[in-house]
Amino acid sequence: GESVGLHLPTLSVQEGDNSIINCAYSNSASDYFIWYKQESGKGPQFIIDIRSNMDKRQGQRVTVLLNKTVKHLSLQIAATQPGDSAVYFCAESFSGGYNKLIFGAGTRLAVHP
Amino acid sequence: SQTIHQWPATLVQPVGSPLSLECTVEGTSNPNLYWYRQAAGRGLQLLFYSVGIGQISSEVPQNLSASRPQDRQFILSSKKLLLSDSGFYLCACGEVNSPLHFGNGTRLTVT
């Protein structure tokens with residue numbers, strides 16, 4: 001399959017720990033943000049999204065935090081599991097832009113038993 | 001829910017040969033469609049998007065073209081492939097302010 005994550009920064013965590021993946025976005029006009037998970041050889045899979053009128057949103061075991069002041073986005077994964085090992089991408093877009101998502105460089109999450 | 005089909009899954013083509021990658025979508029009508037390319041170990045770069053039949057917008061100058069002959073069909077083409085066209089090509093569909101859904105991609109190697 002596709003070799004995702006060869007040159008990406010890697011976050012290594014122990015199974016059961018919490019993981020925090022960070023992302024700096026570029027466009028102050030962006031008002032919609034998404035986190036994706038990509039496993040080797042597959043397309044990105046939607047995890048969670050957040051709009052610019054919010055600063056926090058929670059899902060199942062995941063939380064996204066948005067700090068518009070410093071243009072920073074983070075993904076927190078609680079009780080990280082081996083199945084969470086993948087490359088994680090943040091993406092941004094703005095309402096007037098036909099949902100053209102601009103992706104960050106990605107972070108590889110490696111979960112060790 | 002939307003399902004995106006891409007084929008082939010892998011493709012090896014010589015330099016100078018033509019290319020046609022197809023993407024079809026189920027479970028939605030009049031979607032926005034997108035072609036992204038991902039180099040090994042890199043993020044995704046938007047190549048083309050389409051908001052309707054026959055409507056194509058190109059994001060970056062390149063050796064590729066796209067067409068949308070039907071509402072739920074999006075095709076990526078090239079007349080003559082270059083080595084630099086190698087990569088992982090992903091089709092996506094979605095609406096404004098909603099997450100894009102991606103297919104499982106085509107791994108293209110130009111030799």
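Residues numbered from 1 in each chain as written. Chains lettered and ligands numbered in written order. Predicted model: local features only at pLDDT ≥ 70, side-chain atom pairs only at ≥ 80, totals over all residues. Heavy atoms only, no water.

The interface is formed by 27 residues belonging to chain B together with 28 residues belonging to chain A. Here chain B and chain A share an interface that buries about 2100 Å² over both sides, 56% of which is from carbon and sulfur atoms. Summed over the shared surface of chain B and chain A, the number is one salt bridge. In this assembly, chain B and chain A are joined by five residue pairs in polar contact (both at pLDDT 80 or more). When residues of the side of chain B that touches chain A are traced back to their parent elements, those giving at least two are β4 (32–38), β5 (44–52) and β9 (87–94) of chain B. Residues belonging to the side of chain B that touches chain A are distributed by class as follows: 14 nonpolar, nine polar and four charged. (Contact = heavy atoms within 4.5 Å. Buried area = accessible area lost by both parts, 1.4 Å probe. Salt bridge = Lys/Arg side-chain N within 4 Å of Asp/Glu carboxyl O. Polar contact = N/O pair within 3.5 Å; in protein donor to acceptor, adjacent residues only side chain to side chain. Helix = DSSP H or I, 4+ residues; strand = E, 2+ residues; numbered from the N terminus. Nonpolar A, V, L, I, M, F, W, Y, C, P; charged D, E, K, R; others polar.)

Residue and element names in this part refer to chain A. Overall, antiparallel pairing links the four strands, which are arranged β2-β7-β6-β5 in an open sheet. Of all strands in the sheet, those with a lone pairing partner are β2 (19–24) and β5 (56–58), marking the two edges. For this sheet, the mean inter-axis angle between neighbouring strands, taken without regard to orientation, is 15°. Examined bridge by bridge, β2 and strand β7 (residues 72–77) share six bridges and lie antiparallel to one another. Bridging across to β7, S19 finds its partner in I77. (Pairing = 2+ DSSP bridges. Axes fitted to C-alpha atoms, helices over the stretch in contact; angles between N-to-C directions.)

Bringing the environment of P113(A) into the picture now. Residues and elements named next belong to chain A. You can see P113 is positioned in the segment after β10 (107–112). Residue classification places P113 among the exposed positions, given a relative accessible area of 82%. Note: C-alpha distance between P113 and Q81 (32 residues apart in sequence) is 8.4 Å. Dropping the residues within four chain positions of it, P113 is found in contact with Q14 and E15. (Buried < 20%, exposed > 50% of the residue type's maximum accessible area, 1.4 Å probe, protein only.)

All names here are of chain B. The antiparallel open sheet is built from four strands, whose spatial order is β1-β3-β8-β7. Edge positions in the sheet fall to β1 (3–7) and β7 (65–70), since each has one partner strand and no second. Neighbouring strand axes in the sheet, compared pairwise and without regard to direction, differ in orientation by 20° on average. Relative to strand β3 (residues 19–26), β1 runs antiparallel, the two being bridged by five bridges.

Turning our attention to the pairing of strand β6 (residues 55–58) of chain B. Residues in a regular strand point their side chains to alternate faces of the sheet. Residue and element names in this part refer to chain B. Across three bridges, the pairing between β5 and β6 is antiparallel. Note on β6: the bridge partner recorded for F48 is S58. Counting the residues that bridge the hairpin from β5 to β6 gives two residues, and of these G54 lies at a positive phi of roughly 75°.

Another point: the pattern of salt bridges. Residue and element names in this part refer to chain A. Applying the stated rule across the entire model yields five salt bridges over all chains. For R61, the salt bridge is made with D84, and the minimal N-O distance between the two is 2.9 Å. Of this pair, R61 sits in the loop between β5 and β6 (62–67) while D84 sits in the loop between β7 and β8 (86–93), placing them 23 residues apart in sequence. Residue D84 is classed as buried on the basis of its relative accessible area, which comes to 7%.

A few words now on the nonpolar core. Residue and element names in this part refer to chain B. Core analysis: the largest hydrophobic core is formed by 21 residues, its most contacted members being W35, F48 and Y89. For this core, the secondary structure elements donating two or more residues are β3, β4, β5, β8 (73–78), β9 and β11 (106–110). If you tally residues by element for this core, the top one is β3, at four residues. (Core = buried A, V, L, I, M, F, W, Y, C linked by side-chain atoms within 4.5 Å.)

Remember that the coordinates give geometry; whether it matters functionally is a separate question.
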